[in-house]
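Residues per chain are reported as follows:
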Amino acid sequence: MDTHSLFSLEGRVALVTGGSRGIGRMIAEGFIAQGARVYISSRKADACAETAAALGASCIALPMDISTVEGCRLLASQFGEQEPALDILVNNAGFAWGQPFDTFPEKGWDRVMDLNVKSPFFLTQALHGALRNAAKPDRPAKVINIGSIDGLQLNLWETYSYHASKAAIHHLTRRLAALMIRDGINVTAIAPGAFASEMNRAARDHGDIVAKAVPAGRIGRAEDMAAAAIYLASRGGDYVVGEVLCVDGGVVNAALNIRIDG
Ligand SMILES: NC(=O)c1ccc[n+]([C@@H]2O[C@H](COP(=O)([O-])OP(=O)(O)OC[C@H]3O[C@@H](n4cnc5c(N)ncnc54)[C@H](OP(=O)(O)O)[C@@H]3O)[C@@H](O)[C@H]2O)c1
């Protein structure tokens, strides 16, 4: 048994949306360390270029606003000008909106649903050909959707559209998996718990307090997220299909007797 190459991504090409910072950057960095060439995308071209420069020659910036179907198709076509095939697509770019129920605005619904649910669907659709080009009988291509533990259980915040969007992306993962497995493309999802980022400023700025609600006693590290994504993307994850992998230090599955009041 060759376990040494199980988690290698040598020679693979990946596209990580929202790869300029936070969880997307953690995943991009992990993929590059395992040998992949990684395209990162986000709206701000400067931030994308800065991250690509920091991650080295195997990281290429491809900035794009993917909140519209047009943006998704444009990103796919720009990617297609660079590469004939796509081994790994990570649908990571996401957005959250919190506001009390009575004043929760349509904008806070649409922006979240558009980026968190619609974009992964239409970007995957636009890149289906490139994913098919990469898929080989003994080496499936991969689509990894970034969901959330908020799609599996409730949190305290009034993030109505975010909760719904993350439950939706988990179920969409299974539906797409059922279709794409026929083409040798495995679709899975990761449901992160608390990771320090611009979106999760509580974890970033008050990690010690957030950690009190995590059975493992800490927030997630970049390596935790990279490891899960590498597993699903590599040969090690080739027999995992339609799965939603919780990476949360036990919040969803092991949260007995945890006090959050300090
Ligand atoms: N951090 C956590 O604790 C946590 C927990 C559970 C799930 N998640 C999920 O993980 C994913 C990443 O979150 P994060 O915490 O890393 O958030 P983040 O730090 O806010 O990063 C979001 C990324 O998405 C990009 N982005 C935002 N809007 C975009 C658009 N319209 N088009 C293209 N790119 C766009 C951002 O760059 P630009 O602003 O330049 O566009 C950035 O690169 C999200 O799906 C989130 O729901 C995070």
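Below: a short report on this structure. The structure presented is a predicted model; accordingly, all values stated were derived computationally and were not measured.

Before going further, it helps to examine the overall build of the protein chain. Along the backbone of the protein chain there are nine helices and seven strands. Principal-axis analysis of the C-alpha atoms places the extent of the protein chain at approximately 50 × 45 × 35 Å. Looking at the 262 residues of the protein chain, the share that counts as buried comes to 48%. Pairs at least 24 apart in sequence give 69% of the contacts found in the protein chain among residues at least 6 apart. Working note: accessible area of the protein chain is about 12800 Å², and carbon and sulfur atoms make up 54% of it. Distance between charge centroids for the protein chain: 2 Å, based on 25 positive and 27 negative side chains.

Within a beta sheet, neighbouring strands are joined by backbone hydrogen bonds and run either parallel or antiparallel to one another. If you trace the seven strands from one edge of the open sheet to the other, you get S3-S2-S1-S4-S5-S6-S7, paired in parallel fashion. Two strands lie at the open edges of the sheet, namely strand S3 (59–61) and strand S7 (244–247), each paired on one side alone. In this sheet, neighbouring strand axes are inclined to one another by 20° on average, regardless of whether the strands run parallel or antiparallel. Bridge count between strand S5 (residues 141–146) and strand S6 (residues 185–192): six bridges; the pairing is parallel. By the bridge assignment for S6, Asn145 is matched with Ala189. Set on the sheet, helix H1 (residues 22–33) makes contact with strand S1 (13–17), strand S2 (37–41), S3, strand S4 (88–91), S5 and S6; between it and S1 the angle comes to about 170°.

This next bit is on the pattern of salt bridges. Evaluated as defined, the whole model comprises 10 salt bridges. Close ionic contact of Lys142 with Asp238 constitutes a salt bridge, the shortest N to O distance being 2.7 Å. Linking Lys142 in strand S5 with Asp238 in the loop between helix H9 (222–233) and S7, this pair joins segments that are 96 residues apart in sequence. The partner of Asp224 in a salt bridge is Arg218, and the shortest N-O contact between them spans 2.7 Å. The class of Asp224 is partly exposed, set by a relative accessible area of 25%. Each of Glu198, Arg201, Arg204 and Asp205 takes part in a single network of salt bridges with overlapping partners.

Definitions and limits used
Residues numbered from 1 in each chain as written. Predicted model: local features only at pLDDT ≥ 70, side-chain atom pairs only at ≥ 80, totals over all residues. Heavy atoms only, no water. Helix = DSSP H or I, 4+ residues; strand = E, 2+ residues; numbered from the N terminus. Buried < 20%, exposed > 50% of the residue type's maximum accessible area, 1.4 Å probe, protein only. Contact = heavy atoms within 4.5 Å. Areas by Shrake-Rupley, 256 points an atom, 1.4 Å probe, with all protein chains shown as cover. Lys, Arg positive; Asp, Glu negative; His and termini not counted. Charge placed at Lys NZ, Arg CZ, Asp CG, Glu CD. Pairing = 2+ DSSP bridges. Axes fitted to C-alpha atoms, helices over the stretch in contact; angles between N-to-C directions. Salt bridge = Lys/Arg side-chain N within 4 Å of Asp/Glu carboxyl O.

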